[in-house]
Amino acid sequence: MNAKRATIDEDLRVAFAIRKEVFVKEQGVPLEDEFDEFDTLNGLCEHILVHYNEQPVGTGRIRFIDGVHKLERICILEPYRKFGLGKITIKALEEIAEERGASKVKLHGQTQAEGFYKKLGYRTSSNIFMEDGIPHILMLKELSSK
């Protein structure tokens, strides 16, 4: 199990296929809402792929927005959700934020995953709001200074 940064177009294609499977097919997010101008390798954000037995099964991205690094598009294919890959995904994205000098990160977590994020040190910082028909909450985490 490991996470690596997407560095070539093929990495992005694989990440997009995972996101399409989880968000579009499984959760019903409209295809046109899932992908945006940040889905490139042009430095506006960084994407990662998470592997299980050398097979890519998860992804996430991080971008700097409104003065804070935001973790986004975090997902693991359904058959692989019981292996701790979500935690690996979050930790890899947090490491990127720390490399960039971030002292905190934020994310819009689906409410059904709130407990997962709390176990990783995130705190709920908003009321419930809807994104693509799915209830979410803003969550924040202070990163440890090294």
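Quick notes on the rules
- Residues numbered from 1 in each chain as written.
- Predicted model: local features only at pLDDT ≥ 70, side-chain atom pairs only at ≥ 80, totals over all residues.
- Heavy atoms only, no water.
- Core = buried A, V, L, I, M, F, W, Y, C linked by side-chain atoms within 4.5 Å.
- Buried < 20%, exposed > 50% of the residue type's maximum accessible area, 1.4 Å probe, protein only.
- Helix = DSSP H or I, 4+ residues; strand = E, 2+ residues; numbered from the N terminus.
- Contact = heavy atoms within 4.5 Å.
- Pairing = 2+ DSSP bridges.
- Salt bridge = Lys/Arg side-chain N within 4 Å of Asp/Glu carboxyl O.

A.B. asks: Quick question: what am I supposed to make of the nonpolar core here?
C.D. replies: Soluble globular proteins: nonpolar side chains tend toward being buried together. In this structure, L71, Y80, L85, I90, Y117 and Y122 are the most contacted members of the largest nonpolar core, which totals 35 residues. Within the residue set of this core, elements represented by two or more residues are α1 (9-26), β2 (45-52), β3 (55-65), β4 (68-76), α3 (85-99), β5 (104-110) and β8 (134-142). Looking at this core, the element that brings in the most residues is α3, giving six residues. Beyond its immediate sequence surroundings of up to four residues, I90 is in contact with L71, I74, F116, Y117, L120 and Y122.

A.B. asks: Teacher, can you tell me more about the pairing of β2 here?
C.D. replies: As a general feature of sheets, a regular strand has side chains that alternate between the two faces. Of all eight residues making up β2, seven are buried, and the element is well covered by its neighbours. Pairing geometry for strand β1 (residues 2-5) and β2, over four bridges, is antiparallel. Among the inter-strand pairings, K4 is bridged to a residue of β2, identified as L49. The sheet contact formed by β2 and β3 spans eight bridges and is antiparallel.

A.B. asks: Help me understand the pattern of salt bridges in this model?
C.D. replies: Pairs can form between side chains of opposite charge once their charged atoms are near each other. Within the structure shown, the criterion is met by 19 salt bridges. Notably, a salt bridge pairs R19 with E34, separated by 2.7 Å at the nearest N-O pair. Residue R19 is located in helix α1, and its partner E34 is located in helix α2 (residues 31-34); the two are separated by 15 residues in the primary sequence. Pair check on accessibility: R19 and E34 agree, each one buried. Among the ionic pairs, K91 bridges to E94, the shortest N-O distance being 3.7 Å. Note that K91 and E94 are positioned in helix α3 at a spacing of three residues, about one turn of the helix. Each of R19, E34, D36, D39, R61, R63, K70, E72 and R73 takes part in one network of salt bridges that share partners.

A.B. asks: Even after reading the chapter, I still don't get the pairing of β3, so can you show me in this structure?
C.D. replies: Connecting β2 to the antiparallel partner β3 that follows it, the hairpin turn spans two residues, and N53 within it adopts a positive phi of roughly 50 degrees. Taken together, the seven bridges between β3 and β4 define a ladder with antiparallel strand orientation. What sits directly across from I62, in β4, is L71. Taking the residues between adjacent antiparallel strands as the criterion, β3 and β4 are bridged by two residues, where D66 takes a positive phi near 50 degrees.

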